[in-house]
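The residues making up each chain are set out below.
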Amino acid sequence: MIIVNAHLAAHMDNVRERIEDFHTILRTQKFRDKDVDHILDHDYIFFMGDLNFRLQKVTSTYVERAIRYGDYKALMEYDQLLKCMEEDLIFVDFLEGQITFPPTYKFDPGTDKYDT
């Protein structure tokens, strides 16, 4: 079993950089045990952290409404990570649990207003 905690590239438009970060981590992390000398050689891999994937091409009004009604499934249509996974660009053969919580946001500096 291995647990990977990572902070991938930030900002909405850096999807390619996040994908590259992920693959760099997989490629460069080496272990002494010849049976499991790479991350993907392990039987169970937990990959977590600030992956920085965003909801894309969706209005804040739509997102806020979906959150208010607990309709997180509707938001998955706009999820960058899910789209990349569907295209086999990242996390191939990984499984993600059901999303049962709202997306997180930053606040505008010095306010209680969501990141605009």
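Under the annotation held in an unreviewed UniProt entry, the protein chain carries the name Inositol polyphosphate-related phosphatase domain-containing protein and is attributed to Mytilus galloprovincialis.

(A) The side chain of Asp 79, seen in detail. Residue placement: Asp 79 occurs in the loop between helix H3 (72-75) and helix H4 (80-86). It is Lys 83 that comes nearest to the buried, bridge-free Asp 79 among opposite-charge side chains, at 8.6 Å. Of the polar contacts made by the side chain of Asp 79, one reaches the backbone nitrogen of Leu 81; its length is 3.2 Å. Not counting chain neighbours up to four residues away, the residues in contact with Asp 79 comprise Arg 54 and Leu 55.

(B) Representation of the pairing of strand E1 (residues 2-7) within the structure. Only one face of E1 is covered, namely the one carrying Ile 2, Val 4 and Ala 6; the face carrying Ile 3, Asn 5 and His 7 has none of its residues buried. Both E1 and strand E2 (residues 45-50) contribute to a ladder of six bridges, which runs parallel. Within E2, the residue paired with Asn 5 across the bridge is Met 48. One crossover worth recording links E1 to the parallel E2 by way of helix H1 (residues 15-28), and it is right-handed.

(C) Highlighting the environment of Tyr 44. With respect to the helices and strands, the residue Tyr 44 is situated in the loop between H1 and E2. Tyr 44 sits in the exposed class, given a relative accessible area of 57%. Counting along the chain gives 50 residues from Tyr 44 to Phe 94, while the straight-line C-alpha distance between them is 9.8 Å. Beyond its immediate stretch of four places on either side in the chain, Tyr 44 contacts Met 1 and Ile 2.

Cut-offs and rules
Sequence order sets the numbering: in each chain, residues are counted from 1 along the sequence as written. Reporting in this predicted model follows two pLDDT cut-offs: at least 70 for local features of residues, and 80 or more for side-chain atom pairs to be given and counted; totals over whole chains, interfaces and linings ignore these cut-offs and use all residues. Water and hydrogen atoms were dropped before computing side-chain values, which therefore reflect all heavy atoms in the structure. Here a strand is any run of E in DSSP of at least two residues, a helix any run of H or I of at least four, and the numbering for each starts at the N terminus. The buried label applies to any residue whose accessible area, calculated with a 1.4 Å probe on protein chains only, is under 20% of its type's maximum; exposed applies above 50%, and partly exposed to all values in between. Neither His nor the chain termini are counted; the positive set is Lys and Arg, and the negative set is Asp and Glu. The working definition used for a salt bridge is a side-chain nitrogen of Lys or Arg within 4 Å of a carboxyl oxygen of Asp or Glu. Polar contacts, as used here, are pairs of N or O atoms within 3.5 Å; protein pairs need one atom able to donate a hydrogen and one able to accept it. Residues neighboring in sequence count only if both atoms are side-chain atoms. Only heavy atoms matter for contacts: two residues are in contact if any of them lie within 4.5 Å across the pair. Paired strands, as defined in this entry, are two strands with at least two bridges between them according to DSSP. If you view a crossover with the strands going away from you and the path from the first strand over the helix to the second runs clockwise, you call it right-handed.

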